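# Geometric and topological summary
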Amino acid sequence: MKAVELSGYEGFQSLRVVEVEKPKPGAQEILIEVRAAGINYAELELTKGRYQVPKQPPFVMGFEASGVVAEVGPNASNHKVGDRVTSVVTSGGYAEYAIADAGFTLPIPAGISFAEAATIPIQGLAAYSLLKFAAKPQPNEAVLVQSAAGGVGLYLVQLLKILGVQKVIALASSPEKLDLVKSLGADFAFNYGDRNWAEQVRAATNGNGVDLVLEAASGEVGEASFKLMAPFGRMMIFGARNIHDTFPPEKFRQLIYKNQTLAGFNFPTLLPQQIAECVPALLDLISQRQIKLFANTSFPLTDVKTAFETLASRQTIGKVILLPRQEPQIPTVANSL
């Protein structure tokens, strides 16, 4: 079968399309015929050796995949051949076939395309569990969402409004993205490319600052966001880029003097039962069309380098998808741009 292999840590040039043997499912696993594989920002970092996984190159890339069950292990009784599913995968999702743990594989809600479903296992559940277990936003708070038109950001904006948060402030990089996040419920939307965006955020909070920062941007945007925290405000750090950040003394002073809180969140290290606790509610929201899914940028598997370059350019909206097979994705009017 065709697959995308990471041959080293020299960046996107380390990605290569190869022929590998089709994997076989274990007793509690299923084999997925992959129709859509999602690209995550952490995987961009992985190509440079800046995101750690418990294996060394060469290996097949891809944290997640959506498709059709092609084979079922003898103890995987909760799935059958032909089921439409989406899952975190163990053998690498950038391939024509991938292995998934049957216990963590999710059914694709009716009317949702394979590409849209690829947003659920990591980005959707990461956003939901971040809010549920760590950030715990309150209705009367002002919440700042960075990269709000990205895969996780789009979920966060919608979930925050579903939770009743009265002041959701979204950051994005273009007029098109700002219009989108406002249409999804953001109360304020600012272009972080504008020199005075931080002043605009502060004005939106009547000069008080934000109660909660959902931090994934790092760099200059992250620095400015830290300074925007209100007294007793908190920042939840969850981005792949943030693991390389440093914390100078002046930030400690700000936390102490303003009674603020800084905390981290890492979706992959949640307990299985914590992730399972989030699944029914999230799938219900998606099935009821209370959450719109965005996966409108796709590339053939053989164009993986172009796909990575496109995501890195920050010109995309929502999930970027690799398609091992060029087949219809069952688009839905309700969930499309």
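The structure contained in this document is the topic of the report that follows. Please read all numbers here as calculations on a predicted model, not as lab measurements.

The secondary structure content of the chain amounts to 10 helices and 16 strands. Its C-alpha atoms give the chain a radius of gyration of 20 Å, near enough to 20 Å, the size a compact globule of 337 residues would have. In terms of its C-alpha atoms, the chain occupies a principal-axis envelope of roughly 60 × 45 × 35 Å. Among the 337 residues that make up the chain, the fraction classed as buried is 55%. Taking the contacts inside the chain whose residues are at least 6 apart along the sequence as the reference set, 71% of them involve residues at least 24 apart. Per element, the accessible surface of the chain, about 14,600 Å² overall, is 53% carbon and sulfur.

Once that is clear, we can look at the packing of aromatic side chains. Counting across every chain of the model gives six aromatic pairs. With 5.5 Å between their ring centres and 80 degrees between their planes, F12 and F308 make a pair best called edge-to-face. Taken as a pair, F12 in the loop between strand 1 (2-6) and strand 2 (15-19) and F308 in helix 10 (residues 304-312) lie far apart in primary sequence, 296 residues in all. There is no split in this pair, since F12 and F308 are both buried. Aromatic pair F247 and F252: ring centres 4.6 Å apart, planes at 80 degrees, arrangement edge-to-face. Here the aromatic residues F12, Y94 and F308 are joined through ring pairs into a cluster of three or more. Over the aromatic face of Y97 sits the side chain of K22, whose NZ or CZ is 4.6 Å from the ring centroid. In this structure, R84 packs its charged tip against the face of F114, placed 4.7 Å from the ring centre.

Attention now goes to the nonpolar core. Nonpolar side chains tend toward joint burial in soluble globular proteins. Core analysis: the biggest nonpolar cluster contains 57 residues, and V145, Y155 and L214 have the highest contact counts within it. The element that contributes the greatest number of residues to this core is helix 3 (residues 120-135), accounting for eight residues. Formed by 34 residues, the second largest nonpolar core is a distinct cluster that contains L6, V69, Y94 and A307.

Moving on, we come to a nonpolar patch on the surface. On the surface, a nonpolar cluster with roughly 400 Å² of combined accessible area is contributed by F252, I256 and Y257. Topologically, Y257 is positioned in helix 8 (residues 249-257). On the accessibility criterion, Y257 (66% relative accessible area) is exposed.

The interhelical angle for the contact between helix 3 and helix 9 (residues 272-287), taken along N-to-C directions, is 110 degrees, at an axis separation of 9 Å. As the angle between them shows, helix 3 and helix 9 are arranged roughly perpendicular. Along its contact with helix 3, which presents I120, G124, L125, Y128, S129, K132 and F133, the element helix 9 presents Q274, I275, E277, C278, V279, A281, L282, L283, L285 and I286. Of the residues belonging to the contact of helix 3 with helix 9, the class tally is 12 nonpolar, three polar and two charged.

Our focus in this paragraph is the pairing of strand 11 (residues 188-191). Two elements, strand 10 (residues 167-172) and strand 11, share four bridges in a ladder whose sense is parallel. Looking at the pairing, I169 lines up with F188 of strand 11. One crossover worth recording links strand 10 to the parallel strand 11 by way of helix 5 (residues 175-183), and it is right-handed.

With that out of the way, let us pick up the side chain of Q158. Residue position: Q158 is located in helix 4 (residues 151-162). Judged by relative accessible area, Q158 falls into the buried class, the value being 4%.

A few words now on the sheet that holds strand 1. Strand order in the open sheet formed by three strands is 2-1-4, and the pairing between neighbours is antiparallel. Looking at strand neighbours, the two that pair on one side only are strand 2 and strand 4 (59-60), the edges of this open sheet. Two strands pair when backbone bridges link them, and strand 1 and strand 4 are joined in this way by two bridges, in the antiparallel orientation. Within the sheet, the bridge partner assigned to L6 lies in strand 4 and is F59.

Spatial strand order, 11-10-9-12-13-14: six strands in an open sheet with parallel pairing. Two strands close off the open sheet at either side, each with one partner strand: strand 11 and strand 14 (261-264). Across the sheet, the mean angle from the axis of one strand to that of its neighbour is 15 degrees, orientation sign disregarded. Where strand 9 (residues 142-145) and strand 12 (residues 210-215) come together, three bridges link them in parallel fashion. Among the inter-strand pairings, V143 is bridged to a residue of strand 12, identified as L212. Contacting strand 9, strand 10 and strand 12, helix 4 crosses the sheet at an angle of about 165 degrees to strand 9.

Definitions and cut-offs
- Residues numbered from 1 in each chain as written.
- Predicted model: local features only at pLDDT ≥ 70, side-chain atom pairs only at ≥ 80, totals over all residues.
- Heavy atoms only, no water.
- Helix = DSSP H or I, 4+ residues; strand = E, 2+ residues; numbered from the N terminus.
- Rg over C-alpha atoms; globule rule 2.2 N^0.38 Å.
- Buried < 20%, exposed > 50% of the residue type's maximum accessible area, 1.4 Å probe, protein only.
- Contact = heavy atoms within 4.5 Å.
- Areas by Shrake-Rupley, 256 points an atom, 1.4 Å probe, with all protein chains shown as cover.
- Phe/Tyr/Trp six-rings, centres within 6.5 Å; stacked < 30°, edge-to-face > 60°.
- Lys NZ or Arg CZ within 6 Å of the ring centre and 35° of its normal.
- Core = buried A, V, L, I, M, F, W, Y, C linked by side-chain atoms within 4.5 Å.
- Patch = residues over 30% accessible without salt bridge, like charges linked within 9 Å, V, L, I, M, F, W, Y side chains within 5 Å.
- Salt bridge = Lys/Arg side-chain N within 4 Å of Asp/Glu carboxyl O.
- Axes fitted to C-alpha atoms, helices over the stretch in contact; angles between N-to-C directions.
- Parallel < 35°, antiparallel > 145°, perpendicular 65-115°, else oblique.
- Nonpolar A, V, L, I, M, F, W, Y, C, P; charged D, E, K, R; others polar.
- Pairing = 2+ DSSP bridges.
- Right-handed = clockwise from strand over helix to strand, strands pointing away.

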